[in-house]
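Structural overview for review
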Amino acid sequence: MLTNTTPALRRAWHCVAESDSVTDTPARVWLLDVPWVVVRIGGIARAFVDRCPHRSAPLSIGTLVGDELQCAYHGWRYDDTGTCTAIPALGDGAHIPSRACLTTPFAVEERFGLVFIAPLKPLSPLPRADFLGDDTFEVARCTTTRTHVGAAQLIDNFMDAAHFPYVHTATFGVADATTVESGEVVADGWQVSSTFSAPYRNHDDPLVDGGAHPLVQPHTVRKVGRADFITELELSFELTGGSFRILYAVTPERADTTCVYKVIARNDLRHAPGRIEKVAADEDAILAEDLLVLERYDDASVDLSNRSGEISTRADRLSVAWRHLMMRALEADAESRAPSSTNTDRPNVGDSVSTSVRRTETVA
Ligand code: FES
Ligand code: FE
């Protein structure tokens, strides 16, 4: 079962915050049911497990003093690598135990206006999403949304194409376009993708209003799934020559809380005022349509090994391929944690992020 707390998901990138919410005021975020503190030190987004190694106080209630994070309880200070630099109760020049350091992730990256954490060495790199730096594209961020739907369920849904005429009835779905073209699935390392054609109600084409273009238009879809909960979608419209790109990042925050981040970019809106904002609002409506179904499930997991006997057809090829990819990811994680394996994927400093081991050490 793939859930919001599956340990193998530590070996993946996850979006944990919007960039502008990471400031010099420490803030708590959740990932895989582990609390993290995020803070901007010297202009760079940093993340640590939100637990002071002294008496386990949350560092997210601490403060930034200069370029150091100061715990709110007894004032221990940590630099931007998580190394303890001061224990005020011991006075100047005191020995600082080497284990008095914060647990850091394998890496933190800031891209696309979002902050990402990889708790352990990730299987898939962050998407390049080059279009976000292309001036011909207009870019917007959709509303960041929290739901109790499982992150894996949301990605599984994103890989699915057969629900469009039934779920997206008020947005882009075409009621009588029920047949799914079975695009070939291409597997490439820790990535699967598929390209297929489908009709689309293109409300965003400015030439539709004047009747020069029909509302229902052919379009080609390329979906990319990875060994994580970040996906990419590229829609190409034959009539307009337009390209619509979506970066979809779904974060398993807690067992029953998932956060959805979506960045969109289009090159066919002619910079008309308010157009890209309208497309973002339409994407919010599309997500709401999906959530209407997904939030009715009793179980927030995805059954990778199909113990429940779900029936898949060729119309489900991409979601099945993604499930197989995630199964491989779980197996790779299990192998890396086997006693005989040489594990080089640990966090940079401190305890494993999956186990908040509480030890007491007396400092002379
Ligand atoms: Fe953080 Fe004591 S708990 S300094
Ligand atoms: Fe959908």
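What comes next concerns the included structure. (Residues numbered from 1 in each chain as written. Chains lettered and ligands numbered in written order. Predicted model: local features only at pLDDT ≥ 70, side-chain atom pairs only at ≥ 80, totals over all residues. Heavy atoms only, no water.)

This brings us to the overall build of the protein. From N to C terminus, the protein includes 5 helices and 18 strands. Compactness check: the protein gives a C-alpha radius of gyration of 23 Å against a globular reference of 21 Å for 364 residues, within 12% of the reference. With the C-alpha coordinates aligned to their principal axes, the bounding extent of the protein is approximately 80 × 50 × 35 Å. Split into buried and exposed, the 364 residues of the protein put 49% on the buried side. Taking as baseline every contact in the protein between residues at least 6 positions apart, the subset at least 24 positions apart corresponds to 61%. For the protein, the accessible area works out to roughly 16,700 Å², and carbon and sulfur atoms hold 50% of it. (Helix = DSSP H or I, 4+ residues; strand = E, 2+ residues; numbered from the N terminus. Rg over C-alpha atoms; globule rule 2.2 N^0.38 Å. Buried < 20%, exposed > 50% of the residue type's maximum accessible area, 1.4 Å probe, protein only. Contact = heavy atoms within 4.5 Å. Areas by Shrake-Rupley, 256 points an atom, 1.4 Å probe, with all protein chains shown as cover.)

Backbone hydrogen bonds are what pair the strands of a sheet, in a parallel or an antiparallel way. Ordered in space as E2-E3-E4, the 3 strands form an open sheet in which the pairing is antiparallel. Two strands in the sheet have a free side with no partner beyond their single neighbour: strand E2 (27-31) and strand E4 (44-49). Across the sheet, the mean angle separating the axes of adjacent strands is 35° when strand polarity is ignored. One ladder, built from 6 bridges, connects strand E3 (residues 34-41) with E4; its direction is antiparallel. Its bridge partner lying in E4, Val37 is registered against Phe48. (Pairing = 2+ DSSP bridges. Axes fitted to C-alpha atoms, helices over the stretch in contact; angles between N-to-C directions.)

This part covers the coordination of the iron ion (ligand 2). With distances of 2.1 to 2.5 Å, the protein atoms coordinating the iron ion (ligand 2) are His163 (NE2), His168 (NE2), Asp290 (OD) and Asp290 (OD). If you look at the iron ion (ligand 2), its 4 donor atoms make angles of 55 to 143° with each other, and the shape they trace is irregular. (Donors = N, O, S within 2.8 Å, 3.2 Å for Na, K, Ca; no water. Tetrahedral: all angles 85-135°; square planar, octahedral: opposite > 155°, others 65-115°.)

Right, let's get into helix H4 (residues 275-294). In this model, H4 (20 residues) spans 29 Å end to end at C-alpha, consistent with the 28 Å of a helix rising 1.5 Å per residue. Of all the positions in H4, only Ile276, Val279, Ala280, Glu283, Ile286, Leu287, Glu289, Asp290, Leu291 and Leu294 are classed as buried. (Expected span 1.5 Å × (residues − 1).)

Generally speaking, a soluble globular protein has its nonpolar side chains buried in company with each other. With 62 residues, the main nonpolar core has Leu2, Leu154, Phe229, Tyr248, Ile264 and Trp322 as its most contacted residues. The element best represented in this core is H4, accounting for 7 residues. Beyond its immediate chain neighbours, meaning those up to four positions away, Ile264 contacts Glu138, Val139, Ala140, Cys142, Phe244, Arg245, Ile246, Ile276, Val279, Ala280 and Glu283. (Core = buried A, V, L, I, M, F, W, Y, C linked by side-chain atoms within 4.5 Å.)

Time to look at the packing of aromatic side chains. Under the definition given, this model contains 7 aromatic pairs. Taking 6.0 Å as the distance between ring centres and 85° as the angle between the ring planes, the aromatic pair formed by Phe112 and Phe116 counts as edge-to-face. Overall, the relative accessible area of 18% leaves Phe112 in the buried class. Here the aromatic rings of Phe158 and Tyr248 are separated by 4.2 Å at their centres, their planes lie at 10°, and the arrangement is stacked. Note that Phe158 is positioned in helix H1 (residues 151-159) and Tyr248 in strand E17 (residues 243-254), a separation of 90 residues in sequence. On the basis of relative accessible area, Phe158 is assigned to the buried category, the value being 11%. The rings of Phe164, Phe172, Tyr200 and Phe237 are connected pair by pair, giving a single aromatic cluster. Positioned above the aromatic ring of Trp30 is the side chain of Arg254, whose terminal nitrogen or guanidinium carbon lies 3.5 Å from the ring centre. (Phe/Tyr/Trp six-rings, centres within 6.5 Å; stacked < 30°, edge-to-face > 60°. Lys NZ or Arg CZ within 6 Å of the ring centre and 35° of its normal.)

Attention now moves to the pairing of E3. For a regular strand, side chains alternate in direction, first toward one face of the sheet and then toward the other. Among the 8 residues of E3, 8 are classified as buried, and the element is accordingly described as predominantly covered. Of the two faces of E3, the one carrying Val34, Trp36, Val38 and Arg40 and the one carrying Pro35, Val37, Val39 and Ile41 are both buried. Connecting E2 to the antiparallel partner E3 that follows it, the hairpin turn spans 2 residues, and Leu32 within it adopts a positive phi of roughly 55°. Taken together, E3 and the strand that follows it, E4, pair antiparallel across an intervening segment of 2 residues, in which Gly42 is found at a positive phi of about 60°.

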